Amino acid sequence: MIFTAECPSSSRRCSNYGLENEKFAVPFDLQLFADGEKTEEPTAKKRADARNKGQVARSQELNAAFVLLIGFFSLKVLWEYIFDEIFLYTTYIFSHLMQNVDTETVRQLFIGIILLLVKTAFPVMCAILLIGLVINFYQVGLLFNTESIGFNLDKLNPINGFGRIFSKRSLVELVKSLFKIAIIGFFLYNYLKDEIPLMPHFIYFDLPTSIQKIADIIFAMAFQVIAVIIILGVIDYVYQQWQTTQDLKMTKQEVKDEAKQSEGDPQIKGKIKQKQREMAMARMMQEVPKADVIVTNPTHYAVALQYKKGMAAPVVVAKGQDLVARRIKIIGAENGVVIVENKPLARALYAAVEIGQAVPPELYQSVAEVLAYVYRLKQKKYRYA
């Protein structure tokens, strides 16, 4: 982006160069500022690292909503059973255990209360525990992390503490809590304003009937409130996912640095590839003396062929172009390998066959003629030697 600026007449530097009241262009690169902003979506590695540290999207409101739902649903299903158990035990206490209060009586009373809790509260607690685990697993999956509970001196720093208290996230949580209280309070008031006037009439009913009617009111009110909390929990879960993504966003430089760390520095990778090519070239040149013939272009291509008894077809042990081809021919000549000039065959072999592969069937005839020539040449040399 280019901005224009005017040189003021009062400036000594402008006067010295005769630039009074002159406008000039100033280049202004916004990219320099954009590089420091977290505008990029978090990468898979960034999300994985954050997950390992326990930084995942999770809504406590959604957990609380389903825990309340299952808790009150279990109470409603088991209400008659729980009421009967409490009624029978209360009757037993006042008819048997309250006659003589001694050590044995207190012991029986304590054991009875424990058994009563096991029979009435334990099923509800198991249901709550199960739904809590299921909802947590749905939100974050299987995650075990000890870093968040580890000792960290920064957590004891009062400045950091005040920063967390008065942070943007804390303000959002405060607004969410106030909004939740207002919504739930509205539904409670809207429901109870019609039920409270009816409650004084319960004194005309017997105790079980009064308790049943009060329980019906409480359950109906609870399920309405829980429905509201579930809706708020779902909204909060979506928000937590968005907020976590925002927190994990990266700058352009961070994305580049991560790419370098995961894939390696391009310069180092280039050097490694160069070293690998050099090693492969050295291995290939070591195979040239073992070749039976080198087919050349004659200057641009060179392909070294080897054929041993038992092979299905001749094998390319080395090939190259230009300087590499020249090097192959020099090593071959130094080791007595026959060099044959055949332009079409050299080009075909170079294009169709990789090092270590056998000659394809369509080139059998041409390669066989070359090898036959080489063998005849060797037999002549052997005969005249």
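Check the entry above for the structure.
Treat the numbers as computed from the prediction; the structure is a model and nothing was measured.

Asks: Could you give an account of the packing of helix H4 (residues 60–77) against helix H9 (residues 207–248), naming the residues involved and the relevant values?
Replies: At a minimum axis distance of 8 Å, the contact between H4 and H9 shows a crossing angle of 155°. It follows that H4 is roughly antiparallel to H9 by the angle criterion. The chirality of how H4 crosses H9 is left-handed. Between H4 and H9, the contacting residues are Gln 60, Glu 61, Leu 62, Ala 65, Leu 68, Leu 69, Phe 72, Phe 73, Leu 75 and Lys 76 on the first element and Ile 218, Phe 219, Ala 222, Phe 223, Ile 226, Ile 229, Ile 230, Gly 233, Val 234, Asp 236 and Tyr 237 on the second. The residue makeup of the contact of H4 with H9, split by class, is 16 nonpolar, two polar and three charged.

Asks: Break down the layout of surface pockets for me, with residues and values.
Replies: One number sums up the size of the second largest pocket: a volume of about 230 Å³. Lining the second largest pocket are Lys 45, Lys 46, Asp 49, Ala 50, Lys 53, Gln 55, Leu 248, Met 250, Glu 254, Asp 257, Glu 258 and Gln 261. Elements with a contribution of two residues or more to the lining of the second largest pocket: helix H3 (44–52) and helix H10 (252–263). A class-by-class count of the residues in the lining of the second largest pocket yields three nonpolar, two polar and seven charged.

Asks: So, the sheet that holds strand E6 (residues 338–341): which residues are in play, and what are the values?
Replies: Spatially, E5-E4-E3-E6 is the arrangement adopted by the four strands of the open sheet, whose pairing is mixed. For this open sheet the edge positions go to strand E5 (315–321) and E6, each flanked by a neighbour on one side alone. Geometrically, the sheet is characterised by an average inter-axis angle of 20° between neighbouring strands, direction not taken into account. The sheet contact formed by strand E3 (residues 293–296) and strand E4 (residues 301–306) spans four bridges and is antiparallel. Within E4, the residue paired with Val 293 across the bridge is Leu 305. In the packing of helix H13 (residues 343–352) onto the sheet, the strands contacted are E3, E4, E5 and E6, and the crossing angle to E4 comes to about 80°.

Asks: A description of unusual backbone geometry should follow, citing residues and the corresponding values.
Replies: The general pattern is negative phi for most residues beyond glycine and trans for most peptide bonds. Although it is not a glycine, Asp 322 sits at a positive phi angle of roughly 60°. Within the secondary structure, Asp 322 sits in the loop between E5 and helix H12 (323–334). The class of Asp 322 is partly exposed, set by a relative accessible area of 37%.

Rules and cut-offs
Residues numbered from 1 in each chain as written. Predicted model: local features only at pLDDT ≥ 70, side-chain atom pairs only at ≥ 80, totals over all residues. Heavy atoms only, no water. Axes fitted to C-alpha atoms, helices over the stretch in contact; angles between N-to-C directions. Helix = DSSP H or I, 4+ residues; strand = E, 2+ residues; numbered from the N terminus. Parallel < 35°, antiparallel > 145°, perpendicular 65-115°, else oblique. Left-handed = near helix turned anticlockwise from the far one by under 90°. Contact = heavy atoms within 4.5 Å. Nonpolar A, V, L, I, M, F, W, Y, C, P; charged D, E, K, R; others polar. 1 Å grid on protein atoms, 1.4 Å probe; cavity = no way out; pocket = protein on both sides within 12 Å on 5 of 7 lines; lining within 4 Å. Points joined across faces, edges and corners; volume = space filled by probe spheres on them. Pairing = 2+ DSSP bridges. Buried < 20%, exposed > 50% of the residue type's maximum accessible area, 1.4 Å probe, protein only.

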